[in-house]
Amino acid sequence: MKIQIRELSASDCAYVFALAQRSLSDPVDERLIRRLVTAEPDARPDLHVAAWHDQRMIGVALGSVRRHDDLLTGGARLLAVDPAWQRRGLGTRLLNELEQRLQAIGVHELRVGNLAPNYLWPGVPETNLAMQALLAQQGYELAGETLNMTVELNGRDWLAGTDPKQWSIRHARYGETALAAWAGERWGAAWQWEAMQAVSADPPTALIAERDGEYGGFACWDVSGFWGTFGPTGVEEALQGHGLGRTLLCATLAAMASAGYRQIEIGWVGPQAFYTRIAGARPGRICFLYRKPISLVDPIERDLPQRQP
């Protein structure tokens, strides 16, 4: 039977999950895959495509469009191929399909990685040599790297010695959309989406520093990346440097430990020294970021396939 490439439908999440279990090195569950597929901000169903052979999903490409100031970027958040079909050109075919769809939308730059929010990895894990080779062959260039850090939660009282300095640290309330709006005003659309994911979870996966009804800072977990990922977290600029970020971090790690986590990742780390000093974090996975100018994409020579019902 001929390989067919078509857009995903709402009923295909179970097939994506089964494929992810077969093809990804990191553990996933169906809820994580459903978030990746269905919770996409500014969703574009035409950027979710899969390859099928004899009623079996053998490959998938989940694409996104993101706007950074005046730059419209897009690319693959996930590209996975069944192990039995790897090294047969299917990954290249899916990537080309996605690139042409992004070209039709009018993106200025293609990316793999640096497409927050709603991702599994910030970029391409350094251990995924096959993906790195594919991107090099397809004209992508290395544009940077990210670092996740690992924290062991066992054997420590995370709340000992913390001082919120007249701030109340509390769990976000379910449906507390004001938190998401506040985070978006200060740190942008990606963090607003992640904060919304946190307050939409049951129970919510965010802590808030509050005083007199005003937010001073927040911290989330399990909103992007794999389960057990800390971040994002932010503190009002005027309040930084006074220990509130440390208190939020430690309180959140205590909450994650109470939720059953024994080891967690801090995703896409900026201040490495802070996390090492406060939480004993050590370097974890490194991911590479890639870019490709849209001028290097082959011109579109056909109509895009019609969306499947």
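This structure is a prediction, so every number in the text was calculated from the model and none was measured. (Residues numbered from 1 in each chain as written. Predicted model: local features only at pLDDT ≥ 70, side-chain atom pairs only at ≥ 80, totals over all residues. Heavy atoms only, no water.)

Another point: the confidence of the model for the protein chain. For the protein chain, mean pLDDT is 93; residues scoring 70 or higher make up 95% of the total. The secondary structure element of the protein chain with the lowest average pLDDT is strand S3 (residues 56-68), at 95, and the one with the highest is strand S6 (residues 124-125), at 98. This stretch, residues 300-309, has a pLDDT under 50; its non-local contacts, to residues over four places away or in other chains, come to 16 contacts. (pLDDT = per-residue confidence, 0-100. Helix = DSSP H or I, 4+ residues; strand = E, 2+ residues; numbered from the N terminus. Contact = heavy atoms within 4.5 Å.)

What follows concerns the packing of helix H1 (residues 13-23) against helix H2 (residues 30-38). As a packed pair, H1 and H2 sit with axes 9 Å apart at the nearest point and diverge in direction by 120°. In terms of axis orientation, H1 runs oblique to H2. As for the relative orientation of H1 and H2, their crossing is right-handed in sense. Residue-level contacts link Cys13, Ala14, Val16, Phe17 and Ala20 of H1 to Glu30, Ile33, Arg34, Val37 and Thr38 of H2. In terms of residue class, the contact of H1 with H2 is made up of 7 nonpolar, 1 polar and 2 charged. (Axes fitted to C-alpha atoms, helices over the stretch in contact; angles between N-to-C directions. Parallel < 35°, antiparallel > 145°, perpendicular 65-115°, else oblique. Left-handed = near helix turned anticlockwise from the far one by under 90°. Nonpolar A, V, L, I, M, F, W, Y, C, P; charged D, E, K, R; others polar.)

Moving on: the packing of aromatic side chains. Each aromatic ring pair is described using two quantities: the centre-to-centre distance and the angle formed by the ring planes. One pass over the full model with this rule turns up 11 aromatic pairs. Plain terms: the ring middles of tryptophan 182 and phenylalanine 218 are 6.1 Å apart, the flat faces sit at 85° to each other, and that makes the pair edge-to-face. Note that tryptophan 182 is positioned in helix H5 (residues 177-187) and phenylalanine 218 in strand S10 (residues 214-221), a separation of 36 residues in sequence. By the burial criterion, tryptophan 182 is buried, and phenylalanine 218 matches it. Relative to phenylalanine 218, the ring of tryptophan 191 lies with its centre 6.0 Å away and its plane at 70°, an arrangement referred to as edge-to-face. One end of the pair, tryptophan 191, is in helix H6 (residues 189-200); the other, phenylalanine 218, is in strand S10, and 27 residues separate them in sequence. Assessed through its relative accessible area of 0%, phenylalanine 218 is described here as buried. Feature note: the residues Trp182, Trp187, Trp191, Tyr215 and Phe218 constitute an aromatic cluster, connected by ring pairs. Over the ring of tryptophan 227 we find arginine 31, and its NZ or CZ is 4.1 Å from the ring centre. (Phe/Tyr/Trp six-rings, centres within 6.5 Å; stacked < 30°, edge-to-face > 60°. Buried < 20%, exposed > 50% of the residue type's maximum accessible area, 1.4 Å probe, protein only. Lys NZ or Arg CZ within 6 Å of the ring centre and 35° of its normal.)

Right, let's get into the pattern of salt bridges. The full count for this structure, using the stated rule, is 20 salt bridges. Across the pair aspartate 46 and arginine 44 runs a salt bridge, and its minimum N-O distance is 2.9 Å. Of the charged contacts in the structure, one is a salt bridge between glutamate 236 and arginine 186, with a shortest N-O distance of 2.6 Å. With glutamate 236 in the loop between strand S11 (229-235) and helix H7 (244-258) and arginine 186 in helix H5, this pair connects stretches of sequence that are 50 residues apart. (Salt bridge = Lys/Arg side-chain N within 4 Å of Asp/Glu carboxyl O.)

Assignment of secondary structure puts isoleucine 58 in strand S3. Residues isoleucine 58 and threonine 177, spaced 119 residues apart in sequence, show a C-alpha to C-alpha distance of 38 Å. Non-local contacts of isoleucine 58, meaning those with residues more than four positions away in its chain, are made with Ile3, Leu19, Ala51, Trp52, His53, Ala80, Val81, Asp82, Trp85 and Leu90.

With that settled, consider the pairing of strand S1 (residues 4-7). Judged by which residues are buried, S1 turns out to be one-sided: Ile5 and Glu7 face inward and are buried, whereas Gln4 and Arg6, on the alternate face, are not. Sheet topology note: the S1/strand S2 (residues 48-53) ladder contains 4 bridges and is antiparallel. Within S2, the position partnered with glutamine 4 by the bridge is tryptophan 52. (Pairing = 2+ DSSP bridges.)

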